[in-house]
Each structure stands twice: as C-alpha cells, then as structure tokens.
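Structural overview
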Amino acid sequence: MGSGTTIGEAHKLGYTAIGRDINPVAVEAVRIAMGRLDRAAVVDAFRSLDRDVGQRIRRLYKAKDARGVECDVLYYFWVKAVRCPLCSNRVELFSSYVIARHAFAARNPVVQVLCPQCGEIFPSTYKAIAETCPACNVQFDPQQGPARGTHAECSHCHAQFPIAKTVRKSGRPPEHRLYAKLLLRPDGQKVYLPTTDEDSQSYVAASQELQTQDLLLPTLRIADGHNTRQVLNYAYTSWRDFFNHRQLLALGWLHRAICRIEDKDTRDALFSVFSSSLEFNNMFASYKGEGTGAVRHMFSHHILKPERTPIEANVWGTEKSSGAFSTLFKSRLLRCIDYRERPFEVSLSKLRGRSSSAKVFDSSAAFQGRVKTDWPGRGEDSFRGIYLSCGSSHSTGLPSGSVDYVVTDPPFFDNVHYSELADFFFAWQQLRQDAVGTDLCTSRQQDEVQDTDAQRFAAKLQAVLQECHRVLTDSGLLVFTYHHSRQDGWLSVCQACMNAGFCFVNAHPVKAEMSVATPKSQAKDPIDIDVLLVCRKARSDVRTYSGEDTVWACAVERTRDKASRYLQRPRRFSKNDMRVLLTSQLLVELCPGRMASDVTNTLRAMLPRIEAAKLSLLHELHNPLPAVRAVESGASQEELPLFR
Ligand SMILES: C[S@+](CC[C@H](N)C(=O)[O-])C[C@H]1O[C@@H](n2cnc3c(N)ncnc32)[C@H](O)[C@@H]1O
Ligand SMILES: [Zn+2]
Ligand SMILES: [Zn+2]
C-alpha cells in the first residue's frame, strides 16, 4: 500500500478498496488521507494554533538585520565540525564556501559566499575560483572547502583525514556551528547575513527553555540496519538526535497543542501535517538554494546521510517559507481536501512541439471520506468502501477468492529498507495514544519484505504472493511493479511469483520514481524504468507451451514495440533499461507450460544472448533502417542472433 495511491485510484474507479501495509506509519498516513476531513474544522483548528503556538514558535525565529530592524528568520545555516586527529584543530566540514546559489545558476549566476577567515557573507558568481573578502581582505577559492568527498583537510596541520572514521572514534555526533541566516525583512526582501552574538544567545535561550519544559519528545533508539548504519557510525543513537534543541522545543510545543484539539478527525489531520513537516525540520535537511523549494528534505536520496551543512528552517513558517508547518498545511492538507472534493486526471498534449498538461475534472466522483479498519465480510462489502489494516500481507484474514485485483508496489530487493527510515516518523507517532501502531515499540517487523540476502527476500515475497493467490478470484489479476539491475533479482522474483501459483501475462515499462544504479559499476548506465508485471493464476492461463526460438522471437518483437512506445516521449533509455525490458518480456513468453525452475534455467542460459541483444535493440531504436543498417555497420557475431 505505501502512500495509498492504489487505494485512492481504486476508490476513484468505484471499487471497494482494501489496503494493507506492515508499517504503521504508512497505514496512519493513508487512514487520515482517506478518512473524514472537514475543511471548516481543520481551517478553524489551524487558525487557533496560529494565534497561540504559531505565535510562540515564530518568536523563536526572529533576528535583527544590519540596521537593527527585527525580521523573521527563514533559515538558519549550520555546519558540522570535527577535531583533526593529528593536531585537534577544529575543522568545519564545508565542501565549498558558496553557501547559496540559484537552482538555474547559468541564468542567475549570483551566489553567496562565506569568508573562511572572518565569517562575512558577500555576493560572488557561481564559477568564481578566486575571491577577496570585502571585510578582511583575505583571498581564497570559494569552491574549495576543507571537506572533499569522504576526507577533510585540516587548515592548521594540512593533514587529510577520513571524516566518518574520525567522528566514530570521537564517540559522539559532530558539533554544529551556526554561521549564517536568511532573513525576511518586513518589506518582503530577503537578506543573507552572518550570525551575531545575539543569534547565538537566542539559540542558547531556546535550549535552556527546552530543559525547563515537560514536553513529550521521541525516545526511540535507532536500531542497527542496512539504512541506519551510516548514522550509527556518526554516533547518533536516538531519533531525537536528528533535531537541534530549538527544533525540539518548537516541535514539542506544536505536538502538545495538536494533542489538545478535541475533535479526533481534526486532530489526526493536523498530526498528518505535523508528520510531513518533520522531514523538513531536522538537522539532516539541507539548502537547495534560490528558485526552487528551498529545503531539501532528509529523505530526498532515500537514505540517511548525515548532512555536513544542515539548514534549520522556521518550523511554523512565513509566507516565503518552504517545508514549514503553515505552508504544508496549505500545500498538502488543503490541496488534498480540494482534490478529494473534485478529483481530476491530467491530460498531456503537444502544441507546436511543446508539451503541456491540463486537468480534466469530473471523471470520478468525490471521495467519500470513510475508512473502516475491519475487513468486509462476504457480500457485505459496501460500494466504494475503503478498508485498511496494519499487518503483514502474507496473512490477511480475507476470504479465499474474494478479490478481483491485487495491485501493489512491493519493496525491491537491495533497495530501501522502509521501516528503518519510517522509524524516524514512528518515534513521534508512538507518542500519541490513538494512532495506528502505538502498541508497537518500533515500526520494524520480522515479516517485512526486505533482506540483504536474496533467498530470504524471495521467500518473504513468495509468502505474500501466495496469500494474494489465495484471496484472488480465478479470473483475477495480480499487478505489481518491479525494478532490479541484476539478473538474479529477476530470477528470484520469477521464482517467488511462479511458486506462488502465478504466471506472467504482460510486462509494461514505466518511468521509475528514481533511477537506481546498483551495483555501482552500473552508475554510468542507470536503470530508469520500473516494469509493471501483470500476472494471472497459472491454472487460468489459456496460452500453451512454445519452443525457445518462438519465445525469443516474440519477446524481441514485444520489446521493440514497447521500447518505441515508451520513447514516444523524450526520455532516457539505457542499455540496462533495454536488458530489463527484454528480460521481462522473456518471462511473459516463457511461462506457459513451464515450471518455475525451467523458466529460470532457460532465462539463465539466455543471459549472453540477452546481453548481446540489448545492444542491437538499442541500436535499432535510434536507427531508421534497423536490421539492414546493423548488418551494414558490421554487426558483431554476438549481435547477429537477434536477427535470426
Ligand atoms: C511502497 S514501498 C516500495 C516502493 C518501491 N518499490 C521501493 O522498493 O522503493 C513498499 C511497502 O511495502 C510494505 N511492506 C513490506 N513488507 C510487507 C509485508 N510483509 N506486508 C505488507 N506490507 C509490506 C512496506 O512497509 C512499504 O510501505
Ligand atoms: Zn573575511
Ligand atoms: Zn590538524
């Protein structure tokens, strides 16, 4: 289920939708998004928060400009520092002294530069490699900071040392120093300024205030795992360590104020905004710069990477903020309510060579805003009902043969370990008494489909697919996305799916959410597509066995066809994308009349042929007279089998 896209789309299509996820953070988010949302009630509640706790939080983000005028602080800029292992000098982990640039630097070349000697901030241009500080006259290259990749250079003894190892040895997370702020003047102008003693005192005051308050704050420890190891290596131990004291004070106040909202649905709706704001308001967020949403949230790379120059945003926010509670209230919650009242589709068109999109309304009825948490009994499933539950999908408790379609986006092997990251949100969710999963001590579960071991991963996926097979009607379809760069990832999904009683009947390439370049050797040739695999119960498949040559010819033909359809829009499509697409078409063609082991053995034997064919197919795709040209241009022996 994840973020609930499938549930929402099924609801729009008029189906009864049943959603299940093992992760309480996902279930809670979907439950609120699909549940009762009363616009007038949430707006009222937001206004009263604004007058009270909003006001108090905004006071935490006030500072004076150079003329002594009080302004809102949009962002505070921090830098991590470590001690040089040789001389103990404090080394600040700037990778460059350009602290702010425009997202489209070629058109907007002005950047802000920090003087490494006196801390002055002054404008420069994005390519400048020599600058003189207007305040202290020191000359330096703004592009070169002490941190380079995994190492840093000490400015005192010039030793180069590994950053992560040095932090780990120190036994505690790196210190931070506040070095700049971006102010919003009362006239709407933004100005970058170095920090003053007053700014430091204001932080200390917030920190002292935090100690005096009895606030409910996260206590969840960070457990070891594939995605958490990097932060554990940085000596972070609790999810609370992801926030500085001022952020904890602001978030703690806000959390307490939301807890006091009486109406449960309204309270839940505002908690969902609170939860969204967490990923932008912590010391792992960074600055994207001007001309774009300013805050890069901590999960933008789907990993937990300690940020060397984090940005502290104004938690409540101003009109010009990004990722703040007040801006997310409008951009997420109010937009969600708008969409639910009048759902739309997006139609794409091309006018004089330029693509444009338009919203098409009225193709589905408004959302009903009702969610049930117990399963529908046979025959009693209501029209367009939404049923959600938290638990492993290897055991759903649904009656056999009761579901027409299973549509899912399962975890991809070797990819994100969702619950390890979701614990960041769960650490706050568990503080509530009436949210999903508050009886759990972590969102990490044994049955979660993810593992560093391919066999164990495949076994867990197979258990879920077996349950899908049981609950599906005989004519039902299972549709799921898959993405893997290595061939063994495909062999294991084939085994899991076929051993669960399914066969592949179609496979469509779709643009992936993000390209994944694992293993690293493939970073230059990343995979940009996910494949949508369409499966039926094997016993309902009417197709019959075909020999290998026929299978190969059909799969190549379908690959050609699907690749050229996919590329009707200008997109990247690499050799590896072609390999993935061809492999998926082979799975479809090999299924009828074969056991899982036959399919995987044949596929394995075809590997050299697939490797050769991906090149010639790609060549064809960019070539108007494919077969003839390929031969004329001296196709290698390896490429020839494609044309058999
Ligand atoms: C939608 S995300 C996957 C997105 C994308 N395919 C990827 O790997 O990055 C997968 C979802 O499956 C859920 N999940 C994992 N194991 C599960 C299980 N045994 N039962 C139900 N849901 C599970 C996770 O909690 C997560 O929300
Ligand atoms: Zn200077
Ligand atoms: Zn040193």
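Refer to the preceding data block for the structure.
This text gives an overview of the structure that appears in the document.

The rules we used
- Residues numbered from 1 in each chain as written.
- Chains lettered and ligands numbered in written order.
- Predicted model: local features only at pLDDT ≥ 70, side-chain atom pairs only at ≥ 80, totals over all residues.
- Heavy atoms only, no water.
- Donors = N, O, S within 2.8 Å, 3.2 Å for Na, K, Ca; no water.
- Tetrahedral: all angles 85-135°; square planar, octahedral: opposite > 155°, others 65-115°.
- Helix = DSSP H or I, 4+ residues; strand = E, 2+ residues; numbered from the N terminus.
- Buried < 20%, exposed > 50% of the residue type's maximum accessible area, 1.4 Å probe, protein only.
- Pairing = 2+ DSSP bridges.
- Contact = heavy atoms within 4.5 Å.
- Axes fitted to C-alpha atoms, helices over the stretch in contact; angles between N-to-C directions.
- Core = buried A, V, L, I, M, F, W, Y, C linked by side-chain atoms within 4.5 Å.
- Salt bridge = Lys/Arg side-chain N within 4 Å of Asp/Glu carboxyl O.
- Near = heavy atom within 4 Å.
- Polar contact = N/O pair within 3.5 Å; in protein donor to acceptor, adjacent residues only side chain to side chain.
- Areas by Shrake-Rupley, 256 points an atom, 1.4 Å probe, with all protein chains shown as cover.
- Nonpolar A, V, L, I, M, F, W, Y, C, P; charged D, E, K, R; others polar.
- Parallel < 35°, antiparallel > 145°, perpendicular 65-115°, else oblique.
- Left-handed = near helix turned anticlockwise from the far one by under 90°.
- 1 Å grid on protein atoms, 1.4 Å probe; cavity = no way out; pocket = protein on both sides within 12 Å on 5 of 7 lines; lining within 4 Å.
- Points joined across faces, edges and corners; volume = space filled by probe spheres on them.

Observations concerning the coordination of the zinc ion (ligand 3)
The protein atoms that coordinate the zinc ion (ligand 3) are Cys84 (SG), Cys87 (SG), Cys154 (SG) and Cys157 (SG), at distances spanning 2.2 to 2.4 Å. Here the zinc ion (ligand 3) binds four donor atoms, and the angle range of 103 to 118° at the metal identifies the geometry as tetrahedral. Within one chain, the residues serving as donors to the zinc ion (ligand 3) are arranged as C-x2-C-x66-C-x2-C. Here Cys84 is found in the loop between β3 (70-83) and β4 (90-92), whereas its partner Cys154 is found in the loop between β11 (151-153) and β12 (160-162), with 70 residues between them in sequence. Judged by its relative accessible area of 2%, Cys84 falls in the buried class.

Thoughts on the sheet that holds β12
Pairing within the open sheet is antiparallel, and its three strands lie in the order β10-β11-β12. Each of the sheet's edge strands pairs with one partner strand only, and the pair in question is β10 (147-148) and β12. As paired strands, β10 and β11 are joined by two bridges and run antiparallel to one another. Bridged to Ala147 within β11 is Ala152. Against the sheet, helix α4 (residues 163-170) contacts β10, β11 and β12, and its axis sits at roughly 65° relative to β12.

Thoughts on unusual backbone geometry
A negative phi holds for most residues other than glycine; trans holds for most peptide bonds. Phi is positive for Ser88, close to 65°, though the residue is something other than glycine. Turning to its location among the elements, Ser88 is positioned in the loop between β3 and β4. Here His158, not a glycine, exhibits a phi torsion of approximately 60°, which is positive. Residue placement: His158 occurs in the loop between β11 and β12.

Remarks on the nonpolar core
Within the largest apolar cluster, 110 residues are counted, with the highest numbers of intra-cluster contacts made by Tyr75, Phe242 and Phe325. Sequence-distant contacts of Phe242, that is, excluding residues within four places in its chain, are made with Ile222, Val231, Gln247, Asn282, Met283, Phe284, Met298, Leu304 and Phe424.

Digging into the pattern of salt bridges
Inspection of every chain in the model, using the stated rule, returns 41 salt bridges. Between Asp263 and Arg36 there is a salt bridge, with the nearest N and O atoms lying 3.5 Å from each other. On the criterion of sequence distance, the pair formed by Asp263 in the loop between α7 (245-259) and α8 (264-278) and Arg36 in the loop between α2 (24-34) and α3 (39-60) is long-range, its members being 227 residues apart. By relative accessible area, which is 33% here, Asp263 ends up partly exposed. Residues Asp434 and Lys264 are paired through a salt bridge, measuring 3.9 Å at the closest nitrogen-oxygen approach.

What to know about the site of ligand 1
Around ligand 1 lies a shell of 17 residues, among which Asp21, Asp409, Pro410, Tyr418 and Val449 are the nearest. A distance of 2.8 Å is found between a nitrogen atom of ligand 1 and a backbone nitrogen or oxygen belonging to Pro410. Protein chains bury 91% of the 600 Å² of accessible surface belonging to ligand 1 in isolation. When its residues are assigned to classes, the shell around ligand 1 shows seven nonpolar, six polar and four charged.

Points about the environment of Val360
Within the fold, Val360 resides in strand β19 (residues 354-361). Measuring from C-alpha to C-alpha, the distance between Val360 and Arg172 comes to 54 Å, with 188 residues separating the pair along the chain. The residues touching Val360, leaving out its near neighbours within four places in the chain, are Pro343, Phe344, Glu345 and Ser347.

Concerning the packing of helix α5 (residues 197-212) against α7
Running from N to C, α5 and α7 point in directions that differ by 50°, and their axes come no closer than 8 Å. When the axis of α5 is compared with that of α7, the two are oblique. Regarding α5 and α7, the two cross each other, and that crossing is left-handed. Facing α5, whose interface residues are Ser202, Tyr203, Ala206, Ser207, Glu209, Leu210 and Gln211, α7 presents His245, Arg246, Leu248, Leu249 and Trp253. Class assignment of the residues belonging to the contact of α5 with α7 gives a composition of six nonpolar, four polar and two charged.

Considerations on the coordination of the zinc ion (ligand 2)
The zinc ion (ligand 2) binds to the protein through Cys115 (SG), Cys118 (SG), Cys133 (SG) and Cys136 (SG); the donor distances cover 2.2 to 2.3 Å. Look at where the donors of the zinc ion (ligand 2) fall in the sequence and you get C-x2-C-x14-C-x2-C. Placement of the pair is Cys115 in the loop between β6 (110-114) and β7 (121-125) and Cys136 in the loop between β8 (131-132) and β9 (139-140), with a sequence separation of 21 residues. You can call Cys115 buried: its relative accessible area is 2%.

A look at the sheet that holds β7
Within a sheet, neighbouring strands are paired by backbone hydrogen bonds and run either parallel or antiparallel to one another. A sheet is described by the order of its strands in space; here three strands give the open sequence β5-β6-β7, paired in antiparallel fashion. Each of the sheet's edge strands pairs with one partner strand only, and the pair in question is β5 (98-100) and β7. Going across the sheet, the axis of each strand differs from the next one's by a mean of 50°, ignoring polarity. In this sheet, β6 lies alongside β5 in antiparallel orientation, the contact comprising two bridges. Across the sheet, Val98 pairs through a bridge with Val113, a residue of β6.

Points about empty space enclosed by the protein
The final tally for this structure, using the stated rule, is two cavities of 30 Å³ or more. Roughly 30 Å³ of volume is contained in the second largest cavity. Those elements that provide at least two residues to the lining of the second largest cavity are α3 and α8. Split into classes, the residues belonging to the lining of the second largest cavity amount to three nonpolar, one polar and four charged.

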